[in-house]
Amino acid sequence: MPRNQFQRMVFAFLTVIVTVHAYVFYSLYVVNGSTLMAVTGGDSVIHAINKQGGVYMFGHFLPIWAVILIEFCFAYGLECVMGSPCSFKLACKVFHPKTAHPMHFESAIICATAALMCPAMSFLAAWFYYPYYAGFNIFTLLANWLKLVCFNFPFAFFTQLFFIQPLVRTVFKLLFHKETKAQKTIAVEIKES
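Presented here is an overview of the structure given in this document. Small disclaimer: the values here were computed from a predicted structure and weren't measured.

1. Some thoughts on the overall build of the chain
Looking only at helices and strands, the chain has seven helices and two strands in total. Seen in sequence order, the chain has helices and strands lined up from the N terminus as α-α-α-β-β-α-α-α-α. Viewed in the frame of its principal axes, the chain has a C-alpha envelope of about 70 × 30 × 25 Å. Within the chain, the proportion of its 193 residues that are buried is 35%. Excluding contacts between residues fewer than 6 apart, the proportion of contacts in the chain whose partners are at least 24 apart in sequence is 63%. For the chain, the accessible surface area stands at approximately 11700 Å², while carbon and sulfur atoms represent 72% of it.

Printed below as a string of C-alpha cells:
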C-alpha cells in the first residue's frame, strides 16, 4: 500500500490513531471497567474515572486525553521505528511481495505487526501503569507485562486483522486515490508490454 516514506508515516499515523483509542477503551471499559466502578462506587466507567481523578499512570492520576496522547506518542514512535519495518521483513520471509496474492501478503504483515507491537506496547504499558505506590519489584513488572500480553494479544490480533487495518487501508486509499490510480495504470502498462 504505502509506496514512499511519507505514505508510510501517514499510514502509521492513521493506524495508531485508531489503535490507541481502541486500546484505551478496551483497557478502561472491558478489562478494568467493573473494578473501577466497584472501587469508586461509580455507576458508569467514565463516572468512576472522573470520581478517582483520572486514569492512574506514572504514579499519578491523569485525564483520559493525556493518557491517549502519551500512548499515541509512544505507539507512533514504536510503529515507525520497529513495527512497520520489521513486520514487512517478516512477511517477506513467508511471501514474496510481487508473486503472493495481495490479501495473503497484507494479512501476513498485519499478523506480524500484532505479534511485534502487542508485546512491545504491553511492556511499555507495564511501566506506565505500574503500581508505584507499592514500591518497585521487577517480578511484579514482569507479571504485569505477561498479564497485559495475555489480555491484549487476542484483542490486537482480531481487531487489527478484521477491523482496524481494513478501515485504515480504506481511508488510506481515499487519501492517496490519485497516486494509487497512477500506480495501477503504470502496472497495467507494464503487464501489457
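After that view, the rundown keeps rolling.
2. What about the nonpolar core?
Ranked by internal contacts, the top residues of the largest apolar core, which has 22 residues, are Val 16, Val 20, Val 24, Leu 28, Leu 36, Ile 49 and Val 67. The greatest single-element share of this core, amounting to seven residues, is contributed by helix 4 (residues 64-94). Grouped together as the second largest cluster of nonpolar side chains are eight residues, Val 10, Phe 11, Ala 22 and Phe 176 included.

3. Digging into the pattern of salt bridges
If you walk through the whole model with that rule in mind, you get one salt bridge. Here Glu 106 and Arg 169 are joined by a salt bridge, their closest N and O atoms 3.9 Å apart. Separated by 63 residues along the polypeptide, Glu 106 in helix 5 (residues 102-128) and Arg 169 in helix 6 (residues 138-175) bring together distant segments of the chain. Glu 106 sits in the partly exposed class, given a relative accessible area of 23%.

4. A word on the side chain of Gln 165
Among the structural elements, Gln 165 can be located in helix 6. With residues up to four places along the chain from it excluded, the contact list for Gln 165 reads Phe 11, Thr 15, Ile 110, Thr 159 and Gln 160.

5. Focus: the environment of Leu 124
Note that Leu 124 resides in helix 5. Sequence spacing of Leu 124 and Val 18 is 106 residues, and the spatial spacing of their C-alpha atoms is 18 Å. Sequence-distant contacts of Leu 124, that is, excluding residues within four places in its chain, are made with Phe 74 and Leu 78.

6. A word on a nonpolar patch on the surface
Nonpolar side chains collect at one region of the surface, where Phe 123, Trp 127, Tyr 132, Phe 136, Ile 138, Phe 139 and Leu 142 lie side by side and expose about 670 Å² of accessible area between them. It is helix 6 that provides the largest number of residues to the nonpolar patch, a total of three residues. Tracing the backbone through its elements, the reader meets Tyr 132 in the loop between helix 5 and helix 6. On the accessibility criterion, Tyr 132 (31% relative accessible area) is partly exposed.

7. Quick word on unusual backbone geometry
The residue Phe 58 is not glycine, and still its phi comes out positive at about 60°. Counting through the fold element by element, Phe 58 comes out in the loop between strand 1 (55-57) and strand 2 (60-62).

8. With respect to the packing of helix 4 against helix 5
Direction vectors running N to C along helix 4 and helix 5 enclose 145°, while the axes themselves pass 8 Å from each other. Handedness of the helix 4/helix 5 crossing: right-handed. When grouped by side-chain class, the residues that make up the contact of helix 4 with helix 5 number 19 nonpolar, three polar and two charged.

9. Things to note about the packing of aromatic side chains
Think of a pair of aromatic rings as described by two things: how far the centres are apart, and how the planes are tilted against each other in angle. Under the definition given, this model contains 23 aromatic pairs. With a centroid separation of 5.5 Å and 85° between ring planes, the pair formed by Phe 13 and Phe 72 is classed as edge-to-face. Here Phe 72 lies in helix 4 and Phe 13 lies in helix 1 (residues 5-31), a separation of 59 residues in the sequence. Ring centres of Phe 88 and Phe 105 lie 5.6 Å apart, and the angle between their planes is 85°; this geometry places the pair in the edge-to-face category. With Phe 88 in helix 4 and Phe 105 in helix 5, this pair connects stretches of sequence that are 17 residues apart. Taking relative accessible area as the criterion, Phe 105 reaches 8% and is therefore assigned buried. Of the aromatic side chains, those joined through ring pairs into one cluster are Phe 123, Trp 127, Tyr 130, Tyr 132, Phe 136 and Trp 145.

The rules we used
- Residues numbered from 1 in each chain as written.
- Predicted model: local features only at pLDDT ≥ 70, side-chain atom pairs only at ≥ 80, totals over all residues.
- Heavy atoms only, no water.
- Helix = DSSP H or I, 4+ residues; strand = E, 2+ residues; numbered from the N terminus.
- Buried < 20%, exposed > 50% of the residue type's maximum accessible area, 1.4 Å probe, protein only.
- Contact = heavy atoms within 4.5 Å.
- Areas by Shrake-Rupley, 256 points an atom, 1.4 Å probe, with all protein chains shown as cover.
- Core = buried A, V, L, I, M, F, W, Y, C linked by side-chain atoms within 4.5 Å.
- Salt bridge = Lys/Arg side-chain N within 4 Å of Asp/Glu carboxyl O.
- Patch = residues over 30% accessible without salt bridge, like charges linked within 9 Å, V, L, I, M, F, W, Y side chains within 5 Å.
- Axes fitted to C-alpha atoms, helices over the stretch in contact; angles between N-to-C directions.
- Left-handed = near helix turned anticlockwise from the far one by under 90°.
- Nonpolar A, V, L, I, M, F, W, Y, C, P; charged D, E, K, R; others polar.
- Phe/Tyr/Trp six-rings, centres within 6.5 Å; stacked < 30°, edge-to-face > 60°.

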